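Residue-level structural notes
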Amino acid sequence: MESNPPRLKTNFADNDRYIYYILYIIYYNRLHQLKNAFEEKYGHSPKFYAHAPGRVNLIGEHIDYCGYSVLPMAIEQSILAAVSVNDSGKIHLSNTNPQYKDSTVPGSETIYIDKDDPQWHYYFLCGVKGIQENFSMPNLVGMQCVVDGTIPASSGLSSSSALVCCAGLVTMEANEKSLSKVALAEICAKCERYIGTEGGGMDQSISFLAEKGTAKLIEFNPLRATDVKLPGDAVFVISNCCVEMNKAASSHFNIRVVECRIATKMLAKAKGLEWKTLLKLAQVQTELGASLEEMLDLVEAVLHTDEYSREEICETLGITSEQFCRDLLSSNTQHVSHFKLYPRARHVYGEASRVLRFKSVCDSQPADSVQLLGDLMKQSHASCRDLYECSCPELDQLVDICLKAGAVGSRLTGAGWGGCAVSMVPSDKVESFIQTVREAYYAPDSRRAAMEKQSLFVSKPGGGASVFIQE
Ligand code: GLA
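The residue numbering used here restarts from 1 in each chain and proceeds along that chain's sequence as written. Given that this is a predicted model, residues contribute local features only at a pLDDT of at least 70 and side-chain atom pairs are listed and counted only at 80 or more, while totals for whole chains, interfaces and linings are drawn from all residues. Computation of side-chain values covers all heavy atoms of the structure but excludes hydrogens and water.

Labelled according to an unreviewed UniProt entry, the protein appears under the name N-acetylgalactosamine kinase, originating from Muraenolepis orangiensis. UniProt positions are given in the numbering used here, feature names are shortened, and annotations may be inferred rather than shown by experiment. The Subunit (unreviewed entry) field of the UniProt record for the protein holds the comment "Monomer." Looking at the protein in UniProt, the text filed under Catalytic activity (unreviewed entry) is "N-acetyl-alpha-D-galactosamine + ATP = N-acetyl-alpha-D-galactosamine 1-phosphate + ADP + H(+)".

Structure, rendered in structure tokens:
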């Protein structure tokens, strides 16, 4: 890199020389390569760089969109973009991975995002559109961007949200606007829905609000992040089961969101609440002023364990089939005829309670902290597998192998149906753990063996999104 290295922008990230120094060391090689790629592509130097990390969720799966707190940490892998600005009014996007094709779109019209064709650049455009709408800017400046990603795609480590967040940050910076990290997280959570998935906001929140060295409890309404001190005698190891799951390309994810929404209405109606205005399971708890244990009892009392047909739901709620399709279903769940309400609601209230217990163990750090946290992780996986049905045979096998290899707790992380497990491993057992998982899960299968290097690694809590200016 030339004599003047890019400077961390101080009015966005923390005004701290130390943080700048650390980030610069971490990203030096990547920045250098990206700068070269950018110059080769566009014939001039980038004006600035933006970076947004992926995340691993330690506990609290599929409950953010129900209004409940989650407990993720940022990972070192991230999306890094190099950007220059011009007055062409056009947005040029290129990716260092040749698998992802170049794309050019006008920044002066309504930005089009094709939900039925979730290509990489549409995720970027979600972030662009979010900022464009937030500032009501019909005409965006022209941008030339090269994007570099190190988060394995469709692995449950939030590569798509990191891309949306990076794009939001890039668009804000290029158009000389300024927003707080909380505002950026909220905008990016909302605009990612343009691609069609009804995610809850965990991924975007941790990408912006993460701080090096600490996991975070993320609470919603209002959005805030609180430090969670993890035990010093254990580490978190991520392992990818090597089954890809693209949540925008299938309807599993949105079916769960819809089932939770219907369960909200059914529970609220049974308790005589204003059910039409309630959308999230957490709102029912708030309205009733009940504990999570009482909510679990309510689920037992109100919902039956068999699937519900559309007809039964419409009859109970007193709505027509048209109202059901319009008000309760999303565009990619219109075909679904049966809904599992009891197991989904049981998972959500149980998992919400596990997050609070996890946080309280981390706060009080009793002598058996690692064991207690491990148990909560195991219960979380069982609930995701059996009640929420968001695991898959390979993930279950990998979690079993991790537990046998010495993890005190192991669970799927992220949306599921493929992707990664996260395991909590006593620090003195990490080497033997990795060796055993390598031999039992990766080595016997040539495809997995080829992916092992980027699929099995220790992860420490990383920092949040940032901008570097090239001077
Ligand atoms: C995806 C979504 C998140 C969250 C997780 C499951 O990553 O984007 O909002 O719902 O799945 O916990």
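Quick look at helix α11 (residues 342-364)
Compared with the 33 Å implied by 1.5 Å per residue over 23 residues, the 33 Å span of α11 between its first and last C-alpha is a close match. In DSSP terms, a helix is any run of H or I states spanning at least four residues, a strand is any run of E spanning at least two, and both are numbered starting from the N terminus. Following α11 by one or two positions, Q365 has its phi on the positive side, about 45°. Given the number of residues in a helix, its expected span is that number minus one, multiplied by 1.5 Å.

Thoughts on the pattern of salt bridges
One side-chain nitrogen of Lys or Arg within 4 Å of one carboxyl oxygen of Asp or Glu is enough to make a salt bridge. Under the definition given, this model contains 23 salt bridges. For R261, the salt bridge is made with E198, and the minimal N-O distance between the two is 2.6 Å. Here R261 is found in helix α6 (residues 252-270), whereas its partner E198 is found in the loop between α4 (181-191) and α5 (202-209), with 63 residues between them in sequence. A salt bridge links R224 to E219; its shortest N-O distance comes to 3.4 Å. Between buried and exposed lies partly exposed: a residue is buried under 20% and exposed over 50% of the maximum accessible area for its type, with that area taken using a 1.4 Å probe on protein chains only. For R224, a relative accessible area of 47% translates into the label partly exposed. Among the charged side chains, a network of salt bridges with common partners joins R256, E259, K340, R344 and E389.

Re the site of the ligand
Nearness here has a simple test: a residue counts as near a molecule or strand if at least one of its heavy atoms is within 4 Å of that partner. Near the ligand, the surroundings consist of 14 residues, among which E61, H62, D64, G200 and D203 are the closest. Within the backbone of G200, one N or O atom sits 2.8 Å away from an oxygen atom of the ligand. The method behind every accessible area is Shrake-Rupley, applied with a 1.4 Å probe, and residues are considered shielded solely by the protein chains displayed. Considering the ligand on its own, with 300 Å² of exposed area, one finds that the protein chains cover 98% of that surface. Counting of polar contacts relies on pairs of N or O atoms within 3.5 Å, with two restrictions inside protein: one atom must be capable of donating a hydrogen and the other of accepting it, and residues adjacent in sequence are counted only when both atoms are side-chain atoms.

Side note on the pairing of strand β15 (residues 466-469)
In β15, alternate side chains face the same way, and those of S466 and F468 on one face and V467 and I469 on the other are all buried. Inspection of the sheet shows strand β2 (residues 48-59) paired to β15 by four bridges, in the antiparallel sense. Bridge pairing in β15 places Y49 opposite F468. Two strands qualify as a pair provided DSSP detects at least 2 bridges between them.

A short note on the packing of aromatic side chains
Note on ring pairs: Phe, Tyr and Trp rings are taken, using the six-membered ring of Trp, and paired if centres are within 6.5 Å. Classes follow the plane angle, with under 30 degrees stacked, over 60 edge-to-face and the rest tilted. According to the stated counting rule, one finds seven aromatic pairs in the structure shown. Seen in terms of ring centroids, Y68 and Y349 are 6.1 Å apart; in terms of plane orientation they differ by 80°. Their pairing is edge-to-face. One end of the pair, Y68, is in the loop between β2 and β3 (71-86); the other, Y349, is in helix α11, with 281 residues separating them in the sequence. Y349 matches Y68 in its accessibility class, with the two residues each being buried. Placement of a positive charge over a ring is assigned whenever Lys NZ or Arg CZ falls within 6 Å of the ring centre and within 35 degrees of the normal to the ring plane. Across from the ring centre of Y388, 6.0 Å away, lies the NZ or CZ of R344, which sits over that ring. Cation over ring: R448 sits above Y441, and NZ or CZ is 3.7 Å from the ring centre.

Structural notes on the side chain of S159
Positionally, S159 belongs in helix α3 (residues 159-174). Those residues in contact with S159, other than ones at most four positions away along the chain, are I79, I151, P152, A153 and S154. In this analysis, two residues are considered to be in contact whenever any of their non-hydrogen atoms come within 4.5 Å of each other.

Looking at the nonpolar core
Among the nonpolar cores identified, the biggest contains 154 residues, and L58, V170, L303, F358 and V437 are the most heavily contacted of them. With near-sequence residues (within four places) excluded, V170 lies in contact with F48, A50, A81, V83, F124, M143 and C145. The criterion is simple. A nonpolar core is a set of buried Ala, Val, Leu, Ile, Met, Phe, Trp, Tyr and Cys residues joined through side-chain atoms within 4.5 Å. Counting residues in hydrophobic clusters, the runner-up holds nine residues, among them L31, L34, Y42 and Y49.

As for the UniProt feature "domain: GHMP kinase C-terminal" (unreviewed entry) in the protein
Residues annotated in UniProt with the feature "domain: GHMP kinase C-terminal" (unreviewed entry) correspond here to residues 370-442. From the first C-alpha to the last, residues 370-442 spans 27 Å; its make-up is 58% helix and 15% strand.

Notes on the sheet that holds strand β12 (residues 409-412)
Spatially, β12-β13-β9-β14 is the arrangement adopted by the four strands of the open sheet, whose pairing is antiparallel. Across the chains shown, the open sheet's two edge strands, defined by having one partner strand only, are β12 and β14 (456-459). Between one strand axis and the next, the sheet turns through 25° on average, direction left out of account. The sheet contact formed by strand β9 (residues 234-240) and strand β13 (residues 420-426) spans seven bridges and is antiparallel. Across the sheet, N240 pairs through a bridge with C420, a residue of β13. Axis angles are defined between N-to-C directions and span 0 to 180 degrees, where every axis is a line fitted to C-alpha atoms and, for a helix, only to the segment in contact.

Notes on the packing of helix α8 (residues 292-302) against α11
In the contact formed by α8 and α11, the axes pass within 9 Å of each other and the chain directions differ by 170°. Of the possible angle classes, the one that applies to α8 and α11 is roughly antiparallel. Across the interface between the two elements, L292, E293, M295, L296, V299 and E300 from α8 touch Y342, A345, R346, Y349, G350, A352, S353 and L356 from α11. Amino acids are sorted into nonpolar (Ala, Val, Leu, Ile, Met, Phe, Trp, Tyr, Cys and Pro), charged (Asp, Glu, Lys and Arg) and polar (every other residue, Gly among them). Tallied by class, the residues present in the contact of α8 with α11 amount to nine nonpolar, two polar and three charged. Any angle that falls under 35 degrees is termed roughly parallel, while one over 145 is termed roughly antiparallel, one within 65 to 115 roughly perpendicular, and all others oblique.

Brief notes about unusual backbone geometry
Along the chain, N221 connects to P222 via a cis peptide bond; the corresponding omega equals -5°. With respect to the secondary-structure elements, P222 resides in the loop between β7 (215-219) and β8 (224-228). At S158, a position not held by glycine, the phi torsion is positive, near 70°. Within the secondary structure, S158 sits in the loop between β6 (142-149) and α3. Positive phi, close to 45°, is recorded for Q365, a residue that is not glycine. Relative to the elements of secondary structure, Q365 occurs in the loop between α11 and α12 (369-386). The exposure class assigned to Q365 is partly exposed, which follows from its relative accessible area of 32%.

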